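Structural characterization, general
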Amino acid sequence: MIAAAYSAKDRKRWDTFVRNSRNGTLLFDRAYMEYHAERFVDASLIIDEADATLALLPASRHGNTIRSHGGLTYGGFITDGRMRVEKMLRTFDAALAFYASAGITRLEYKAIPHIYHRAPAEEDAYALFRRGAQLLKREPSAALHLIDTGLPGKKRNGAARAAQLGLRFEQVSTADALMTLINMNLQLRHGVSAVHSAAEMNRLRAAFPRSIEIFHVSDGDGHLVGGAIVYVAGTVAHTQYLVASEAGRASRAMDFLIHALATRYRERCNWLEFGISTEAGGQVLNEGLMSQKEEFGARCVCYDTYLIDL
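Residues numbered from 1 in each chain as written. Predicted model: local features only at pLDDT ≥ 70, side-chain atom pairs only at ≥ 80, totals over all residues. Heavy atoms only, no water.

With that out of the way, let us pick up the overall build of the protein chain. Check the secondary structure of the protein chain and you find 10 helices and 17 strands. Relative to its length of 310 residues, the protein chain is compact, with a C-alpha radius of gyration of 20 Å against a globular reference of 19 Å. Taking the principal axes of the C-alpha coordinates as reference, the protein chain spans close to 60 × 35 × 35 Å. Out of the 310 residues belonging to the protein chain, those deemed buried represent 52%. Total accessible area on the protein chain stands at roughly 14,100 Å², and carbon and sulfur atoms take up 51% of it. When the 37 positive and 34 negative side-chain charges of the protein chain are each reduced to one mean point, those points stand 2 Å apart. (Helix = DSSP H or I, 4+ residues; strand = E, 2+ residues; numbered from the N terminus. Rg over C-alpha atoms; globule rule 2.2 N^0.38 Å. Buried < 20%, exposed > 50% of the residue type's maximum accessible area, 1.4 Å probe, protein only. Areas by Shrake-Rupley, 256 points an atom, 1.4 Å probe, with all protein chains shown as cover. Lys, Arg positive; Asp, Glu negative; His and termini not counted. Charge placed at Lys NZ, Arg CZ, Asp CG, Glu CD.)

Here Ala175 is to be found in the loop between β10 (168–172) and α6 (176–190). Looking at Ala175, the relative accessible area reads 0%, which means it is buried. C-alpha of Ala175 to C-alpha of Arg205: the two residues are 30 residues apart in sequence and 8.6 Å apart in space. Look past the residues within four positions of Ala175 in its chain and what remains in contact with it is Ala198, Met201, Asn202, Ile214 and Ile229. (Contact = heavy atoms within 4.5 Å.)

For the pair helix α5 (residues 153–164) and helix α9 (residues 253–265), interaxial distance at closest approach is 7 Å and the crossing angle is 105°. Classified by the interaxial angle, the pair formed by α5 and α9 is roughly perpendicular. Contact residues: Lys154, Lys155, Arg156, Gly158, Ala159, Ala162 and Ala163 in α5; Asp255, Phe256 and His259 in α9. The class makeup of the residues in the contact of α5 with α9 is 4 nonpolar, 2 polar and 4 charged. (Axes fitted to C-alpha atoms, helices over the stretch in contact; angles between N-to-C directions. Parallel < 35°, antiparallel > 145°, perpendicular 65-115°, else oblique. Nonpolar A, V, L, I, M, F, W, Y, C, P; charged D, E, K, R; others polar.)

Turning to the pattern of salt bridges, a few remarks are in order. One side chain can pair with another of opposite charge once the charged atoms of both are near each other. With the rule as written, the count across this model stands at 23 salt bridges. The partner of Asp93 in a salt bridge is Arg131, with the nearest N and O atoms 2.7 Å apart. Pair noted here: Asp93 is in helix α3 (residues 85–101) and Arg131 is in the loop between α4 (123–130) and β9 (134–145), with a separation of 38 residues, a long-range link. The exposure class assigned to Arg131 is partly exposed, which follows from its relative accessible area of 25%. For the salt bridge of Glu108 with Arg106, the shortest nitrogen-to-oxygen distance reads 2.9 Å. Residue classification places Glu108 among the buried positions, given a relative accessible area of 12%. (Salt bridge = Lys/Arg side-chain N within 4 Å of Asp/Glu carboxyl O.)

Bringing the nonpolar core into the picture now. With 41 residues, the main nonpolar core has Tyr32, Met201, Ile229 and Tyr231 as its most contacted residues. Among the elements of the structure, α1 (11–19), α2 (30–33), α6, α7 (198–207), β11 (212–218), β12 (224–233), β13 (236–244) and β17 (299–309) are those that each provide at least two residues to this core. At 5 residues, the largest contribution of residues to this core is made by α6. Residues contacting Tyr32, with those up to four places away along its chain left out, are Leu26, Leu27, Leu72, His196, Leu204, Phe208 and Tyr231. If you look at the next biggest cluster of nonpolar residues, it comprises 27 residues, including Ile47, Ala55, Leu128 and Ala133. (Core = buried A, V, L, I, M, F, W, Y, C linked by side-chain atoms within 4.5 Å.)

What follows concerns the sheet that holds β9. Sheet strands pair by backbone hydrogen bonding; their relative direction is either parallel or antiparallel. Overall, mixed pairing links the 11 strands, which are arranged β2-β5-β6-β8-β17-β9-β14-β13-β12-β11-β10 in an open sheet. Every interior strand has two partners, whereas the edge strands, β2 (41–42) and β10, have only one. Bridging between strand β8 (residues 106–110) and β17 involves 5 bridges; their strand directions are antiparallel. In the strand pairing of β17, Tyr109 is matched with Tyr306. Across the sheet, α9 lies against β9, β10, β11, β12, β13 and β14 (271–273), angled at about 160° from β13, the strand it touches most. (Pairing = 2+ DSSP bridges.)

All right, on to the packing of aromatic side chains then. Note on aromatic pairs: each is described by the distance of the centres and the angle between the planes. With the rule as written, the count across this model stands at 14 aromatic pairs. Look at Tyr32 and Tyr231: their rings are 5.8 Å apart centre to centre, the planes differ by 85°, and that puts the pair in the edge-to-face class. Of this pair, Tyr32 sits in helix α2 while Tyr231 is found in strand β12, placing the two residues 199 residues apart along the sequence. The buried category is assigned to Tyr231, whose relative accessible area is 2%. On the basis of an interplanar angle of 45° and a centroid distance of 5.4 Å, the ring pair of Phe92 and Tyr109 is categorised as tilted. Remark: Tyr109 occurs in strand β8 and Phe92 occurs in helix α3; sequence separation between them is 17 residues. As far as burial versus exposure is concerned, Phe92 and Tyr109 are alike and both buried. (Phe/Tyr/Trp six-rings, centres within 6.5 Å; stacked < 30°, edge-to-face > 60°.)

So, on to the packing of α3 against α4. Where α3 contacts α4, the two axes come as close as 9 Å, and the packing angle between them is 55°. The orientation of α3 relative to α4 falls into the category oblique. Note that α3 runs across α4; the crossing there is right-handed. On α4, the residues that touch Val85, Met88, Leu89 and Phe92 of α3 are Glu123, Asp124, Tyr126, Ala127, Leu128 and Arg130. (Left-handed = near helix turned anticlockwise from the far one by under 90°.)

In structure tokens form, the structure reads like this:
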């Protein structure tokens, strides 16, 4: 088992492995990982066994700490069907030894939530336990199971009433108008701006047109009253951004939008996922936000971050 640092010459091999893996998603494509490369010192690893790639670890360096990955929501070991529990124990050992030799003293490991697994891939959960990892953060998200769970009747009725008012749902090719609405909403409610700029979202959408989709909800006069930016990642349609204006909230635009998204993705994905609803590393629950997601039938999925002291 050999651990080696990722370099640009490995890009094709990396991306091919991600596409053929059990738990790789859009976030691990090098073009996505590197759109904000100037913000992070890449410390990704490739684990080889018998001259073949066995696992990848997307990671960034932050002083004496490695995070998997500092710029991604999650980022544990990416594996294919050849991974076994015993091999994962040795994979962890190879990675930890590599980082320790570079002066690293901490590994913060963001496990890939199970809903993103196309096949069972939790060998790392056992290895974390065996290597003495401590749970550093547990952040609850909410996901709607699209296969056998429909929207509750109240939300379906809200979507129907919104349609009667003339609301329209359409896919669009650029993020400019929607990001303006998103930032207005974030500034009004929280005094912050979106993580992505409109230009960044447009670049990402152009690079991944089948995996990043942008939607508008407009009223009968053509005014933008809501919308979503969705990442299609493996078995999950993840709402990276989801918004309704004041006028949209009055006309049940969010009910209309979620119903439209659930209908659209039901044949492509198993889950419609809405993202975390906590602050302070999971210690503070935004009860109102979580409740809104649960009212659509979504239920808790945890994003876990572990600490290994090297």
